[in-house]
Amino acid sequence: MMLHLHTDMDFQMERFPLKSSVPNMAATYQSVYKKGTNSNNGRGILTSNEDDMVDITPGPHRAAESTPTNHGTFQLYEHSGRNSNASATSYIAQYFSSSAGDAVIFSGMQGDADDIPGIGQYDDFHTIDWQRDIARDRMRHRYIVKKRQDSIWDLIKGAHDAWSGWVCVLLVGVCTGVVAGVIDIGASWMTDLKFGICPQAFWFNREQCCWSNDEITFDHGNCSEWMTWAQLFGESRDGAGAYIISYLFYIVWALIFAALSASLVRMFAPYACGSGIPEIKTILSGFIIRGYLGKWTLIIKVVGLILSVSSGLSLGKEGPMVHIASCLGNILSYLFPKYGRNEAKKREILSAAAAAGVSVAFGAPIGGVLFSLEEVSYYFPLKTLWRSFFCALIAAFILRSINPFGNEHSVLFFVEYNKPWIFFELIPFVGLGIIGGCIATIFIKANIYWCRYRKYSKLGQYPVTEVLVVTLVTAIIAYPNPYTRMNTSQLIYLLFNQCGISNSDPLCDYNRNFTGVNTAIEKAAAGPGVYRAVWLLMLALLLKLVMTVFTFGIKVPCGLFIPSLALGAIAGRIVGIGVEQLAYNYPKIWLFSGECSTGDDCITPGLYAMVGAAAVLGGVTRMTVSLVVIMFELTGGVRYIVPLMAAAMASKWVGDALGRQGIYDAHIALNGYPFLDSKDEFQHTSLAADVMQPKRNETLAVITQDSMTVDDVENLLKETEHNGYPVVVSKESQYLVGFVLRRDLNLAIANARRTMEGVSGSSVVMFAGPQPPAPGAPPLHLNRILDMAPITVTDQTPMETVVDMFRKLGLRQTLVTHNGRLLGVITKKDVLRHVKQMDNEDPNSVLFN
């Protein structure tokens, strides 16, 4: 990179007296700053004042004394005599010595106000430059480490910088746990509000209302303390009148909650709708969506989520918890400039926040870490793994302390099994995996078809109306069937549960005689209640599947985990009851002969429900490892890892065979987010020359290093819309000098016009070393904002390599050269379009600003 030295000793000594004890130290004041950092942060290591950022050469005496040199990866400047304000003297030179007693000296780092405002920020819907941001952070870190020896205060600052990451994830974990507790308590109260109220204390939900009651059994959770709406209107608890009143109240409350949720989202935070996981994946891959993780989105997402879950729609709160945690991570990262001002570093905090989101959603901290690693994160170094683990642990601990469900667990459907499974059961478990994969594929294809129709038809213009219609239809269909009427989490709990002496649900209507509480449950024939329950469950499966297709994607906060688990649990329970009755009716078959000959119940239908739930969720999201861990953390059943693994793998294989993408990847593609999936392989044989812009007969927009005026550059910016421009020696030679970003050019020119004297449209823009003085307006030196080490490839580089570079290095663009001469540019957008084209998809569906 270029090393520019301007010497003007006497002036420098006057202006910046060095406090130094190093022998042989040149009595000069130098500032070092990171090459190519236009980080907000062009602040990685800052220059001393605004004049230094945009270098104006006022007169002949300057140029003659300045000589450029090459050195390492930094540009070193000595500040020569220029106009400066008094604040410059506040900078004390900081140095560290190198080999021969000479020194590289850093200027003060905290000079935010003295930087060009806005350099290093990214515009909305732009991709971040991972390499530059990480390099900038490394520079900042080196500076802090070198400065530690200077004083106690610098030592403390260094320590604070080292632990700020841990403090940040600690705060994220605490806040996520608290918010999750609020959501759980609010949603359970408002869900019960659809059925009745507790007159003694209206803020109690049905279960809390009945805690103070001494009755031994509750009829489906009803006790004398809890009043249904029909009872409040003087009807009896049962009967036609009571049923109609309850039905009407159920529908009215559902509509009120849904209308409130949709209206809040529409008015205050349109980004709060949906699950948020596709967008979080895209943001973690290095894309900027301004406001998606902001405070308004957070507030409306929390309130809207409580409302939409309470409305009885077929949705869950688990996916949106990841979005909520990521919002908290984003907001809290601004307390620590190391993360708040560096987009690449911020994504480490967001990865940890995503882990905390799943941790509180399922009470599964390890599952949350694996979910972040497997499903949402793009860049996941070991340090982030530890921080995610810590964040998920804190969040789970806080939620467990709040105890929102009063059952000492973080989720409503925690169950424990102690029955061993029989080897032959792997066959129905794998069968459930196949069924789960098929259900998931039907769901994904139908949901994407409907979402695409919504997007391109008039339906998309009436979001609140659509929400109300879906809610009305869901409420009308759901109420008559007890399994769709109840809260989905309660349904999952019921399906996971074993039939014991206290169960009064028709699902447990077996012809059994319980002699004592602790006796083994014997095999028994299914009574009429079980068969009726199976028919109702089949109906519920169909209704849930259809309603979830229409619900996922409407403009309220809605997650997909709970409906998927419910679909799988219903299918699993039905299969489990079938296998159980087979074992009862044919105990002599060799399959059952060993374990089932004792007369005890050897098949647990609840276990099948759990395996089925894992199968459908795995098919829908294509999770494998994290899914199995979440499921066994949910159920505390370590011995059921093998059945869960078998079902999850079968489900993933079937899903991959029938459709390439999981639901989140399908929604990323539908919305056109610029997401380069690191799991996909690029299998085509094209070269960089086929993909680069411009094509053969077009001209490439470039800036020359020392022959264009400010007017020329501004005209180029007006006529083209590129995000950056290569800088070349001259239009004829096209030898590459570096790369400059459009945003930085605009900011630097505007800043120069505002703060420098003599800059006009005829000033020559200089990216090279100092030139002999020319008459006329003083030149404008912009070598500060030039990236002199842009990533380049040759025109014969295979696209496979180029795509790999974009994925693994997180590039925004790469320059294409031939024999050292510039040919063109490949941006991330070009790569994504090329991939789409090769896969015979519409290349214009990729959304960029």
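Higher on the page you've got the structure.
Everything quoted here is computed from the prediction, not taken from an experiment.

1. Some words on the state of the cysteines
If you walk through the whole model with that rule in mind, you get two disulfides. Across the disulfide from Cys198 sits Cys209; the S-S distance is 2.0 Å. Disulfide Cys198-Cys209: torsion about the S-S bond near 80°, hence right-handed. On the criterion of sequence distance, the pair formed by Cys198 in the loop between strand 8 (196-197) and helix 6 (206-211) and Cys209 in helix 6 is long-range, its members being 11 residues apart. Assigned by exposure class, Cys198 and Cys209 land together as buried. Shown here is the disulfide that connects Cys499 with Cys508, its sulfur atoms set 2.1 Å apart. Disulfide Cys499-Cys508: the torsion about the S-S bond is -80°, which places it as left-handed. With respect to class, Cys499 is no different from Cys508; both count as buried. Here Cys168 is not cross-linked by a disulfide; its sulfur's nearest cysteine counterpart is in Cys391, at 8.5 Å.

2. Notes on a nonpolar patch on the surface
A grouping of Leu170, Val174, Val178, Val182, Ile185 and Ile402 is seen on the molecular surface, where their side chains present a nonpolar patch of about 410 Å² in accessible area. Considering every element that reaches the nonpolar patch, the biggest residue donor is helix 5 (residues 152-193), with five residues. Note on placement: Ile402 falls in helix 15 (residues 382-402). Given the relative accessible area of 33%, Ile402 is considered partly exposed.

3. Some remarks on the packing of aromatic side chains
Tallying each qualifying case throughout the model produces 23 aromatic pairs. On the numbers, 4.8 Å between centres and 20° between planes, the contact of Tyr247 with Tyr479 is stacked. Residue Tyr247 is located in helix 8 (residues 240-268), and its partner Tyr479 is located in the loop between helix 17 (463-478) and helix 18 (482-485); the two are separated by 232 residues in the primary sequence. One exposure class covers both Tyr247 and Tyr479, and it is buried. With a centroid separation of 5.5 Å and an interplanar angle of 20°, the aromatic rings of Phe362 and Phe561 are classed as stacked.

4. Observations concerning the sheet that holds strand 12 (residues 724-728)
To summarise the sheet geometry, strands pair through backbone hydrogen bonds and adopt either a parallel or an antiparallel arrangement. Pairing is mixed in the open sheet, where three strands are placed in the order 10-12-13. Each edge of the sheet is formed by a strand with only one pairing partner; in this case those strands are strand 10 (703-704) and strand 13 (736-741). Where strand 12 lies against strand 13, five bridges are found, and the strand directions are antiparallel. Within the sheet, the bridge partner assigned to Tyr725 lies in strand 13 and is Val740. Contacts from helix 28 (residues 742-755) reach strand 10, strand 12 and strand 13 within the one sheet, and its direction differs from that of strand 13 by about 75°.

5. As for the pairing of strand 12
Where burial is concerned, most of strand 12 is hidden: five out of the five residues are buried. Note: strand 10 against strand 12, two bridges, orientation parallel. Bridge pairing in strand 12 links Ile703 to Val727.

6. Remarks on the pattern of salt bridges
Scanning the entire structure with this criterion turns up 22 salt bridges. When the shortest N-O distance is used, the salt bridge between Asp123 and Arg743 registers 2.4 Å. Here Arg743 lies in helix 28 and Asp123 lies in the loop between strand 7 (103-106) and helix 4 (130-147), a separation of 620 residues in the sequence. For Asp123, a relative accessible area of 31% puts it in the partly exposed group. Where Arg347 meets Glu343, a salt bridge forms, and the shortest distance between an N and an O atom there is 2.9 Å. Taken together, the positions of Arg347 and Glu343, both in helix 13 (residues 343-362) and four residues apart, correspond to about one turn of that helix. You'll find Arg347 and Glu343 in the same group, each marked buried. Via salt bridges that share partners, Asp137, Arg140, Asp161, Lys338, Lys345, Glu348 and Arg387 belong to a single interconnected network.

7. Re the sheet that holds strand 18 (residues 821-827)
What the three strands build is an open sheet, ordered 16-17-18; its pairing is mixed. Edge strands, defined here as strands with exactly one partner in the open sheet, are strand 16 (792-794) and strand 18. Strand after strand, the sheet turns through a mean of 35° between neighbouring axes, direction not considered. The strands that helix 29 (residues 799-809) touches are strand 16, strand 17 (813-818) and strand 18; relative to strand 18, the one it contacts most, it runs at about 60°.

Definitions and limits used
Residue positions within a chain follow its written sequence, with the count starting from 1. With the structure being a predicted model, the display of local features is reserved for residues of pLDDT at least 70 and the display and counting of side-chain atom pairs for 80 or more, all residues being used for whole-chain, interface and lining totals. The side-chain figures draw on all heavy atoms in the structure; neither hydrogens nor water molecules are used. By convention in this document, the label disulfide applies to cysteine sulfur atom pairs within 2.5 Å. The numbering of helices and of strands both runs from the N terminus, where a helix is a DSSP run of H or I of at least 4 residues and a strand a run of E of at least 2. Working definition: with a 1.4 Å probe on protein chains only, accessible area under 20% of the residue-type maximum means buried, over 50% means exposed, and in between means partly exposed. Residues enter patches when they are more than 30% accessible in relative terms and free of salt bridges; like-charged ones are connected within 9 Å and nonpolar ones (Val, Leu, Ile, Met, Phe, Trp, Tyr) within 5 Å. Throughout, the Shrake-Rupley method with a 1.4 Å probe supplies accessible areas, and for residues the shown protein chains are the sole cover considered. For salt bridges, the criterion is a side-chain nitrogen of Lys or Arg within 4 Å of an Asp or Glu carboxyl oxygen. Here a pair means two rings of Phe, Tyr or Trp (six-membered ring of Trp) with centres within 6.5 Å. Their orientation is stacked below 30 degrees between planes, edge-to-face above 60, and tilted elsewhere. The pairing criterion for strands is at least two bridges between them, as found by DSSP. Contacts were defined at the residue level, with two residues in contact if any of their heavy atoms lie within 4.5 Å. Note on definitions: angles span 0 to 180 degrees between N-to-C directions of axes, and those axes are lines fitted to C-alpha atoms, for helices only across the stretch in contact.

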